Every structure is written in C-alpha cells, then in structure tokens.
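Next come the chains, spelled out residue by residue.
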Amino acid sequence: MVTNLQHIKYKSFDKKRYKLNDTKGKNCITRFLKSIGHTVQEPIETMRMDLESVYKDTTYYHEVEMKHMWVGEWPEVWQDVHIPYRKKKLIDYVLQLNTQPEFYFYIIRGDCKQAWKMNYKHVMKSQVVEVPNRAVSSGEYFYKVLLNEAELIDIK
C-alpha cells in the first residue's frame, strides 16, 4: 500500500489527448450501457465521474479510460489491469454521494470492441504499485486489479 503520498507523481494533463479519448470512451460505454437497458444521463463535464446511468431505479456511476496499446486479444503477459491511483479521489467523492454506490471502472480496447469492467470495491482492495510508463518514468502509482476481479465485456 502507498504510505508516502507526497512522492506520488501524476502524468501531466494533455488537453488534446483528453478530448480525443474522453469522447471516444464515453460514447463507447454509453452504447454498451444502453444495449443492456440503462438510461444514460447526458455527460456534463465536471471533472468527476465520466457517466451516470439509471437502471431499475438505481443510479450507476462509470469511469472510462481508453487503452490504445490494447490491440486484439488481451495479451497473456498482462496479468492485471491498472487503474491510476489518482482515481482514489473520485472513489472518495462517489462514496460521499452514496455510501453503497454502483460504481464501475472501464478500461477500453482502442477499437472499442471490448473493455474490462471493474467494481470500485475490487479496485479499492487491490494492491497499489508503482508503474513506470511512457508519461511518467517513476513515481506514478496504480491499483493493480487482478483479472479475476474484473469482467471482460464485449461491446457491440
């Protein structure tokens, strides 16, 4: 678990990349949610969760992220799914809205044909690890969600 929070680094906000990925990811998961009977609220940019939907009188919250490096089948060498630790603030926010929320994270394949869906509870109990990457060579942390704690969904 992360204990020394002042040393955590975050990738810089890239407005151009955000605009491309945010819209694509939201549209992809909106199509999926509608296909399974959800009524999806029109997204309003609040820098909070990406989408809200209602299904059988229950509100659901959704956070989406594109993973363009994921092409075709999920590579066998990827034994887990990474959710940025910075999303902890979002989890805390949603828990303030609802102490027992229906809150899900999605990591979406670049072509929007599949996604990993994870309940926030599985994310929160996952190990937090430093993951060097293209954007931040050291000091960025991620929840390491094991594949058996995630659901691979097909998106039509």
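If you're wondering where the values come from, they're calculated on a predicted model, not measured in any experiment. (Residues numbered from 1 in each chain as written. Predicted model: local features only at pLDDT ≥ 70, side-chain atom pairs only at ≥ 80, totals over all residues. Heavy atoms only, no water.)

Draft legend 1. The sheet that holds strand E8 (residues 141–146), seen in detail. A sheet is described by the order of its strands in space; here three strands give the open sequence E4-E8-E7, paired in antiparallel fashion. If you trace the sheet from one side to the other, it starts and ends with strand E4 (80–84) and strand E7 (127–130), each paired once. The average angle at which neighbouring strand axes cross in this sheet is 40 degrees, direction not considered. Of the strand pairs in this sheet, E4 and E8 are connected by five bridges, and their pairing is antiparallel. By the bridge assignment for E8, Val81 is matched with Val145. (Pairing = 2+ DSSP bridges. Helix = DSSP H or I, 4+ residues; strand = E, 2+ residues; numbered from the N terminus. Axes fitted to C-alpha atoms, helices over the stretch in contact; angles between N-to-C directions.)

Draft legend 2. Representation of the side chain of Ser53 within the structure. Here Ser53 lies in strand E2 (residues 51–55). Polar contacts involving the side chain of Ser53 include one to the side chain of His38, which spans 2.7 Å. Polar side-chain contacts of Ser53 include one of 2.8 Å to the side chain of His62. The contacts of Ser53, once residues within four sequence positions are left out, are Leu33, His38, Thr39, Val40, Gln41, Thr58, Thr59, Tyr60 and His62. (Polar contact = N/O pair within 3.5 Å; in protein donor to acceptor, adjacent residues only side chain to side chain. Contact = heavy atoms within 4.5 Å.)

Draft legend 3. Up close: the pairing of strand E5 (residues 102–109). The element E5 is largely enclosed, with a buried count of seven among its eight residues. Judged from the eight bridges that link them, strand E3 (residues 58–67) and E5 form a sheet pairing that is parallel. Opposite Lys67, over in E5, you have Arg109 as the bridge partner. With five bridges connecting them, E5 and strand E6 (residues 114–119) associate as antiparallel partners. Of the residues in E6, the one forming a bridge with Ile108 is Ala115. If you look at the hairpin formed by E5 and E6, you'll find four residues sitting between the two strands, and Cys112 has a positive phi there, around 60 degrees. (Buried < 20%, exposed > 50% of the residue type's maximum accessible area, 1.4 Å probe, protein only.)

Draft legend 4. Seen up close, the pairing of E6. With six of its six residues buried, E6 lies for the most part within the structure. Going residue by residue along E6, you find Gln114, Trp116 and Met118 tucked away on one face and Ala115, Lys117 and Asn119 tucked away on the opposite face as well. Alignment of E6 against strand E9 (residues 151–154), held across four bridges, turns out to be antiparallel. Considered in E9, the bridge of Lys117 is made with Glu151.

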